[in-house]
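Examining the three-dimensional arrangement
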Amino acid sequence: MIYKKLSLSILLFSAGLLTASAQKSPQDMNRFIDVLMNKMTLEEKIGQLNLPVTGEITTGQAKSSDIAAKIKQGEVGGLFNLKGVEKIREVQKQAVEESRLGIPLLFGMDVIHGYETMFPIPLGLSCTWDMAAIEESARIAAVEASADGISWTFSPMVDISRDPRWGRVSEGSGEDPFLGAMIAEAMVRGYQGKNMLRNDEIMACVKHFALYGAGEAGRDYNTVDMSRQRMFNDYMLPYEAAVEAGVGSVMASFNEVDGVPATANKWLMTDILRGQWGFNGFVVTDYTGISEMIDHGIGDLQTVSARAINAGVDMDMVSEGFVGTMKKSVQEGKVSMETLNTACRRILEAKYKLGLFDNPYKYCDPKRPARDIFTKAHRDAARRIAAESFVLLKNDNVTLHPGSPSEPLLPFNPKGNIAVIGPLANSRSNMPGTWSVAAVLDRSPSLVEGLKEMTAGKANIRYAKGSNLISDAAYEERATMFGRSLNRDNRTDQQLLDEALNVARQSDIIIAALGESSEMSGESSSRTELNIPDVQQNLLKELVKTGKPVVLVLFTGRPLTLNWEQEHVPAILNVWFGGSEAAYAIGDALFGYVNPGGKLTMTFPKNVGQIPLYYAHKNTGRPLKEGKWFEKFRSNYLDVDNEPLYPFGYGLSYTTFSYSDIDLSNSTMDMNGSLTAAVEVTNTGTWPGTEVVQLYIRDIVGSSTRPVKELKGFEKIFLEPGEMKIVRFKIAPEMLRYYNYDLQLVAEPGDFEVMIGTNSRDVKTAKFTLN
């Protein structure tokens with residue numbers, strides 16, 4: 001007979017003290033946690049703050065794993081990146097049935113843009129400008145992750161970045177705080193649902209607080225130093241929006257802010273996050289964020305651990321600084337029991353809100369994975385949303401057949417001989433994109449495989465690799481980690497090229513699948529050169545020389561410098577990394593089954609020397625006149641103009657749209673009023689299509705200098721050929737507010753410009769006055 005002692009939750013429930021957490025009464029929760037904490041030892045309270053990584057645990061081996069003893073001693077509050085419902089159930093059973101108090105564990109994972117059904121990388125998702133689709137992707141990710149035992153995701157990442165050298169731009173939503181805030185809210189809603197009561201709703205974690213995307217030189221983990229006014233006007237809004245949406249947890253960033261690492265920054269974690277924004281969840285460090293502060297140079301492990309918890313950090317990921325030093329710090333008076341109790345309570349509250357005390361196995365139904373993971377419905381949604389994320393950068397007229405009229409190269413009829421060439425053309429593992437931790441990498445069809453399946457019986461598709469990813473073999477190894485190898489070909493560059501040209505000459509059209517591998521962007525994947533790599537560029541130039549029409553299908557996790565490509569390649573479709581169904585979605589776009597409507601959420605520079613380059617820049621006291629390149633003693637370069645290659649908000653369509661002039665309902669507005677700006681948008685082409693109508697506003701005169709334009713609204717519309725729709729934007733004083741020099745949120749009287757258009761550059765303009 002095996003003895004199973006009752007956990008505290010079972011004892012309390014039988015005594016009538018455990019109210020079902022589904023009722024979500026704050027009073028019930030507080031009473032429950034008071035009773036629990038009164039029974040906890042100092043060591044057990046510290047243990048709730050400990051988040052170690054499991055390593056690989058084989059089902060049936062959990063009891064003998066290194067972490068098991070710590071769980072039984074109550075020294076673990078949660079685990080992360082353990083995959084598999086049976087494994088998680090087994091480990092949860094240890095916590096609930098074999099530790100003294102039976103406190104359940106949190107199980108977290110980097111579910112960033114899908115679980116096993118992968119959606120486009122977040123930068124690609126943002127280019128849909130479709131909040132319903134973005135929320136749907138998070139909802140499906142939550143359903144799948146929860147089916148496999150996960151109760152907590154380290155997403156969304158909402159760091160604003162204006163430097164594409166930083167690899168983690170792939171994991172964010174671009175350069176604009178207004179759009180980033182809307183996406184943050186949508187992602188939190190998708191993950192958490194209404195209140196996290198259902199067993200397919202999981203807790204979100206907004207990251208990385210704060211300013212992680214502004215690291216110097218675009219180098220990961222690097223120093224951030226900026227004025228507080230710029231922080232609040234340009235970077236903080238998405239974090240605040242996630243808090244307002246009810247996000248359950250916040251992750252501290254690696255970088256320093258105002259000379260203090262974020263993980264020990266009380267101004268960030270307490271004054272702003274809790275005091276100013278009212279956040280009532282818990283704060284977790286990033287991976288080894290506490291111990292890394294030793295290298296930052298602010299103390300030994302005990303010192304930095306105490307600084308972190310005193311700043312407002314509640315949970316230590318991996319460093320074991322809390323579990324290793326906190327008892328001593330409490331005994332020495334460096335950390336108060338009140339501070340420790342507050343952090344412990346926040347972790348317990350999160351578990352209560354998730355319903356884990358009521359049912360520790362809420363996310364451990366072994367029947368759910370087969371029913372809820374990688375379903376056809378989920379894959380259909382992934383395919384649809386992937387196609388919506390693609391950005392058509394160029395689509396020139398070409399003559400496909402002698403004697404036929406010139407017409408846009410895309411879309412084309414999938415018949416005849418089609419060449420698919422390039423190192424990204426036949427890789428399954430790179431299709432999901434970076435940060436696809438739970439993906440089954442060999443399950444996503446490669447581009448060649450997907451296109452062959454879609455054109456079976458209609459077209460003859462021939463494939464050639466054409467080149468390796470890059471000439472430098474060591475660089476390629478760094479860029480294809482985590483099972484994403486492109487199987488480097490040992491033939492010479494010329495042999496690979498000759499094979500590709502032979503295939504190209506036998507084709508009617510060439511699809512060149514080029515760009516970055518999935519791990520050339522992402523964490524610790526900063527780049528100083530943003531061109532398509534050398535051997536790939538040479539391949540592309542030779543393909544263009546054949547005279548055959550070339551479509552560049554661009555795989556990338558960041559803006560690239562594409563000057564030669566823009567000048568010489570007739571069609572460029574940026575497909576980012578589109579996820580599980582990317583191959584089919586690319587075919588849908590190439591063959592005209594869908595009309596691409598994505599719009600860029602990061603500016604594409606002409607060269608790295610322009611970086612940081614973003615649309616919402618300041619004017620300077622010596623601005624370059626519009627349409628000019630170089631003028632001495634103006635703010636410009638000797639060797640290149642100030643303009644981007646592709647501006648923020650840019651994206652073409654298989655159809656065309658025209659905009660009327662802006663109709664303002666009034667030329668003045670008072671502080672208690674509003675006005676309406678309206679434009680007529682007409683589909684002037686022959687294809688039905690979507691258009692993202694974008695509203696920008698400029699505060700012409702302020703007490704502090706203001707950007708030349710700021711996104712303040714957008715509407716995504718669908719128009720049939722010839723159809724016209726009036727798009728109206730309500731403009732109210734709260735849309736005009738900004739943080740002034742004294743960090744007061746103000747709308748100041750004066751003149752404003754309203755700009756509406758198809759991207760941040762091509763706009764119609766009107767003016768009004770705020771009284």
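Since we're looking at a predicted model, the values are computed, not measured. (Residues numbered from 1 in each chain as written. Predicted model: local features only at pLDDT ≥ 70, side-chain atom pairs only at ≥ 80, totals over all residues. Heavy atoms only, no water.)

1. Topic: the packing of helix H9 (residues 228-235) against helix H11 (residues 266-276)
Note the cut-off: Lines fitted to the C-alpha atoms define the axes, with helices restricted to the stretch that makes contact. Angles between their N-to-C directions range from 0 to 180 degrees. Only DSSP runs of H or I covering at least 4 residues are called helices, and only runs of E covering at least 2 are called strands; the numbering of each starts at the N terminus. For this classification, under 35 degrees means roughly parallel, over 145 means roughly antiparallel, 65 to 115 means roughly perpendicular, and everything else is oblique. We call a crossing left-handed when the near helix sits turned anticlockwise from the far one by less than a right angle, and right-handed when that turn is clockwise. The contact criterion used is simple: two residues touch if any of their non-hydrogen atoms lie within 4.5 Å. When residues are grouped by polarity, Ala, Val, Leu, Ile, Met, Phe, Trp, Tyr, Cys and Pro land in nonpolar, Asp, Glu, Lys and Arg in charged, and all others, Gly among them, in polar.
Look at H9 against H11: their axes get within 15 Å of each other, and the N-to-C directions meet at 55°. Relative to H11, the element H9 lies oblique. Two packed elements cross with a definite hand, and for H9 against H11 that hand is right-handed. In this structure, H9 contributes Arg228, Met231 and Phe232 to the contact, and H11 contributes Trp267, Ile272 and Gln276. The residue makeup of the contact of H9 with H11, split by class, is 4 nonpolar, 1 polar and 1 charged.

2. As for a nonpolar patch on the surface
Put simply, the test is: Patch construction takes residues with relative accessible area above 30% that form no salt bridge. Like charges are linked within 9 Å, and nonpolar side chains (Val, Leu, Ile, Met, Phe, Trp, Tyr) are linked within 5 Å. For every accessible area listed, the method is Shrake-Rupley and the probe measures 1.4 Å; residues are considered covered only by the protein chains on display. Salt bridges are defined as contacts in which a side-chain nitrogen from Lys or Arg sits within 4 Å of a carboxyl oxygen from Asp or Glu. Note on exposure labels: buried denotes an accessible area under 20% of the residue type's maximum, exposed denotes more than 50%, and partly exposed covers the range between, all computed with a 1.4 Å probe on protein chains only.
Together, Trp629, Phe630 and Leu638 line one region of the surface with nonpolar side chains, adding up to about 350 Å² of accessible area. Mapped onto the fold, Leu638 is located in the loop between helix H23 (582-590) and strand E19 (657-659). Residue classification places Leu638 among the exposed residues on the basis of a relative accessible area of 69%.

3. Remarks on the pairing of strand E28 (residues 750-757)
For clarity, the threshold we go by: Note: two strands are recorded as paired if DSSP finds a minimum of 2 bridges between them.
Burial within E28 is extensive, with 7 of its 8 residues counted as buried. With 6 bridges joining them, strand E23 (residues 689-699) and E28 adopt antiparallel strand pairing. The partner of Asp699 across the bridge, within E28, is Phe752. In terms of strand pairing, E28 meets strand E29 (residues 763-770) through 8 bridges, oriented antiparallel. Opposite Glu753, over in E29, you have Lys767 as the bridge partner.

4. Looking at a positive patch on the surface
Short version of the rule: Residues scored as charged are limited to Lys and Arg (positive) and Asp and Glu (negative), so that His and the chain ends carry no count. Just so you know, the charge point we use is NZ for Lys, CZ for Arg, CG for Asp and CD for Glu.
Positive charge collects at one region of the surface, where Arg622, Lys625, Lys628 and Arg634 lie side by side. Residue position: Arg622 is located in the loop between H23 and E19.

5. Structural notes on the pattern of salt bridges
Throughout the structure, instances matching the rule amount to 45 salt bridges. Lys207 is the salt-bridge partner of Asp110, the closest N and O atoms lying 3.7 Å from each other. With a gap of 97 residues between them, Asp110 in the loop between strand E3 (106-109) and helix H6 (122-126) and Lys207 in strand E5 (residues 205-209) connect regions that are remote in the sequence. Close ionic contact of Lys334 with Glu332 constitutes a salt bridge, the shortest N to O distance being 3.2 Å. Owing to a relative accessible area of 41%, Glu332 belongs among the partly exposed residues under this scheme. If you follow the salt bridges from partner to partner, you end up with Asp110, Arg168, Glu171, Lys207 and Glu523 in one network.

6. Focus: the pairing of E5
On a regular strand, each side chain points to the face opposite its neighbour's, so the side chains alternate between the two faces of the sheet. Of all 5 residues making up E5, 5 are buried, and the element is well covered by its neighbours. Looking at chain direction, E5 and strand E6 (residues 249-252) are connected through 3 bridges and run parallel. When the sheet's bridge partners are listed, Val206 is paired in E6 with Val250.

7. Description of the environment of Asp588
This is how it is decided: Counting of polar contacts relies on pairs of N or O atoms within 3.5 Å, with two restrictions inside protein: one atom must be capable of donating a hydrogen and the other of accepting it, and residues adjacent in sequence are counted only when both atoms are side-chain atoms.
Counting through the fold element by element, Asp588 comes out in helix H23. When the C-alpha atoms of Asp588 and Arg384 are compared, they prove to be 9.2 Å apart, with 204 residues separating the residues in sequence. Those residues within four positions of Asp588 in sequence are excluded, and the remaining contacts are Arg383, Met454, Tyr593 and Val594. A polar side-chain atom of Asp588 sits 2.8 Å from a polar atom in the side chain of Arg383.

8. Notes on the confidence of the model for the protein
Detailed reading of the predicted coordinates is not advisable wherever pLDDT falls low. For clarity, the threshold we go by: A residue's pLDDT is the predictor's confidence in that residue, given on a scale from 0 to 100.
Confidence along the protein averages 95 in pLDDT terms, with 95% of residues attaining 70 or more. Mean pLDDT in the protein bottoms out at helix H1 (residues 8-14), which sits at 37, and peaks at strand E18 (residues 571-574), which reaches 99. A low-confidence stretch, residues 1-21 stays under pLDDT 50, and its non-local contacts, those more than four residues away or across chains, total 33 contacts.

9. Topic: the sheet that holds strand E2 (residues 78-80)
Strand order in the open sheet formed by 3 strands is E2-E3-E4, with parallel pairing between adjacent strands. Two strands lie at the open edges of the sheet, namely E2 and strand E4 (152-153), each paired on one side alone.

10. Describing the sheet that holds strand E24 (residues 710-719)
Paired through their backbone hydrogen bonds, the strands of a sheet run either parallel or antiparallel. Pairing is mixed in the open sheet, where 5 strands are placed in the order E21-E29-E28-E23-E24. Only two strands of the sheet have a single partner each, and these edge strands are strand E21 (668-669) and E24.

11. Here's the deal with the side chain of Asn683
As for its placement among the helices and strands, Asn683 is situated in strand E22 (residues 675-683). The buried category is assigned to Asn683, whose relative accessible area is 1%. Within the structure, Asn683 has its side chain in polar contact with the side chain of Thr655 (distance 2.5 Å). Separated by 2.8 Å, the side chain of Asn683 and the backbone oxygen of Trp687 make a polar contact. Discounting chain neighbours no more than four positions away, the residues touching Asn683 are Thr655, Thr656, Phe657, Pro688, Gly689, Leu719, Glu720, Pro721, Gly722 and Glu723.

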